[in-house]
Amino acid sequence: MKKLVLFLFLFFPNFVLAQTLKLDDLKVLNGSLSPQFDGLNNYYTISLEKDVMEIVFDYEEKDYTVQVINNYDLENNSIVFLELTREEEKANYVFHILKEEEEIVQNVFNEEVNEPTPVMYEYKIFVIPTACFILIFIAYKLIFRHHKK
């Protein structure tokens, strides 16, 4: 029994020990990352200026490959993924993009354009009920015919 316990303590941890697939350090060079990067947290928010169309990441690749997904033509509320892959293991970091809003200029002198409406739209509240009534009346006459004797 002692030999079995000794075997488990010496050799079993080598088989069970697994490494978590994560980045040790990540920096965003053209924006601000919130919250501060922690390799075990997978969801972040990145604030960008309105003219930035792509995020520049700074990270160190080790024994895994890193792929940046959906990192082009970024708009407000875009989602960018950073995918780590080692053999068949995968881990994802998700970045929600927030961009500065552009100022909306409103025109004070709004001119309303009145386009003519087609005839069917004007009279559809009369045509549709009338057509339905006529069809129901014809169906009634066909089903309940009165024969004179």
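Residues numbered from 1 in each chain as written. Predicted model: local features only at pLDDT ≥ 70, side-chain atom pairs only at ≥ 80, totals over all residues. Heavy atoms only, no water.

Novice: Could you give an account of the environment of Lys 99, with specific residues and numbers?
Specialist: The topology assignment puts Lys 99 in strand E7 (residues 89–99). Considering only alpha carbons, one finds Lys 99 and Asn 77, 22 residues apart in sequence, at a separation of 7.7 Å. Not counting the four nearest positions on each side in its chain, Lys 99 is found in contact with Leu 48, Glu 49, Lys 50, Val 52, Met 53, Leu 74, Glu 75 and Asn 76. Of the polar contacts made by the side chain of Lys 99, one reaches the backbone oxygen of Lys 50; its length is 3.3 Å. A polar side-chain atom of Lys 99 sits 2.8 Å from the main-chain carbonyl oxygen of Leu 74. (Helix = DSSP H or I, 4+ residues; strand = E, 2+ residues; numbered from the N terminus. Contact = heavy atoms within 4.5 Å. Polar contact = N/O pair within 3.5 Å; in protein donor to acceptor, adjacent residues only side chain to side chain.)

Novice: Tell me about unusual backbone geometry, and name the residues and values.
Specialist: For the bond running from Ser 34 to Pro 35, omega is -10 degrees, close enough to zero to count as cis. Mapped onto the secondary structure, Pro 35 falls in the loop between strand E2 (32–34) and strand E3 (43–48). At Asn 77, a position not held by glycine, the phi torsion is positive, near 70 degrees. Mapped onto the secondary structure, Asn 77 falls in the loop between strand E5 (65–69) and strand E6 (79–86). The partly exposed category is assigned to Asn 77, whose relative accessible area is 49%. (Buried < 20%, exposed > 50% of the residue type's maximum accessible area, 1.4 Å probe, protein only.)

Novice: Tell me about a nonpolar patch on the surface, residues and numbers included.
Specialist: A cluster of nonpolar residues, Phe 133, Ile 134, Phe 137, Ile 138, Tyr 140, Leu 142, Ile 143 and Phe 144, forms a patch on the protein surface that exposes about 880 Å² of accessible area. Note that Tyr 140 resides in helix H2 (residues 119–143). (Patch = residues over 30% accessible without salt bridge, like charges linked within 9 Å, V, L, I, M, F, W, Y side chains within 5 Å. Areas by Shrake-Rupley, 256 points an atom, 1.4 Å probe, with all protein chains shown as cover. Salt bridge = Lys/Arg side-chain N within 4 Å of Asp/Glu carboxyl O.)

Novice: So what's going on with the packing of aromatic side chains? Which residues, and what values?
Specialist: For any pair of aromatic rings, geometry is given as the distance between the ring centres together with the angle between the planes. Here the structure, examined in full by the defined rule, presents six aromatic pairs. Ring-pair connections join several aromatic residues into one group, and the members of that group are Phe 37, Tyr 44, Phe 57, Tyr 93 and Phe 95. (Phe/Tyr/Trp six-rings, centres within 6.5 Å; stacked < 30°, edge-to-face > 60°.)

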